[in-house]
Amino acid sequence: MTPDTASINRAKANLRHFLITWFERFRKMRTPDGQGGFAEAFAKLDDVEGRMTIAGREPRETRIGGKWPAEVTHVFFANAPKDFRRGDELRLGTRRWRIIAAEEPSLLGVTLEVGCQEVQEES
């Protein structure tokens, strides 16, 4: 059974009050370096309206390159459909979240849940 248009419109109207923050979305792009190789850098794709909520209560730390960055798990809610990919980054000011998983759209096809990890670098 597919949802009717009225149900979808009501869900979208309710969603406008929930998705309250604009995030910048970045994706790692490969460009030729002129010497036969490639350089990778993040390029801004667009601005995405959504809401970030914390999912993991206890940050965990992993040694990466001689540093101990803390990793905190979050869930990002956004409008569907969007092309979220593993490895994309969401940024808000100086904070950034790495996308680790994108879920299927909601039953009405209105929202997406995207699993993210906020990496807090050592200063």
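Residues numbered from 1 in each chain as written. Predicted model: local features only at pLDDT ≥ 70, side-chain atom pairs only at ≥ 80, totals over all residues. Heavy atoms only, no water.

1. A few points about the overall build of the protein chain
So, point 1. Helix and strand counts for the protein chain stand at one helix and seven strands.
So, point 2. Reading the secondary structure of the protein chain in the N-to-C direction produces α-β-β-β-β-β-β-β.
So, point 3. Residues counted as buried form 28% of the 123 residues belonging to the protein chain.
So, point 4. Partitioning the contacts of the protein chain with sequence separation of at least 6, the portion at a separation of at least 24 is 53%.
So, point 5. A total accessible area of about 8400 Å² is found for the protein chain, and carbon and sulfur atoms account for 51% of it. (Helix = DSSP H or I, 4+ residues; strand = E, 2+ residues; numbered from the N terminus. Buried < 20%, exposed > 50% of the residue type's maximum accessible area, 1.4 Å probe, protein only. Contact = heavy atoms within 4.5 Å. Areas by Shrake-Rupley, 256 points an atom, 1.4 Å probe, with all protein chains shown as cover.)

2. Considering the pairing of strand S6 (residues 95-102)
So, point 1. The pairing of strand S5 (residues 89-92) with S6 spans four bridges and is classified as antiparallel. Across the sheet, Leu 92 pairs through a bridge with Arg 95, a residue of S6.
So, point 2. Hairpin connection from S5 to S6: two residues lie between these consecutive antiparallel strands, with Gly 93 at a positive phi of about 65 degrees.
So, point 3. Bridge analysis of S6 against strand S7 (residues 111-120) gives five bridges, and the strand direction is antiparallel. Within S7, the position partnered with Ala 102 by the bridge is Val 114. (Pairing = 2+ DSSP bridges.)

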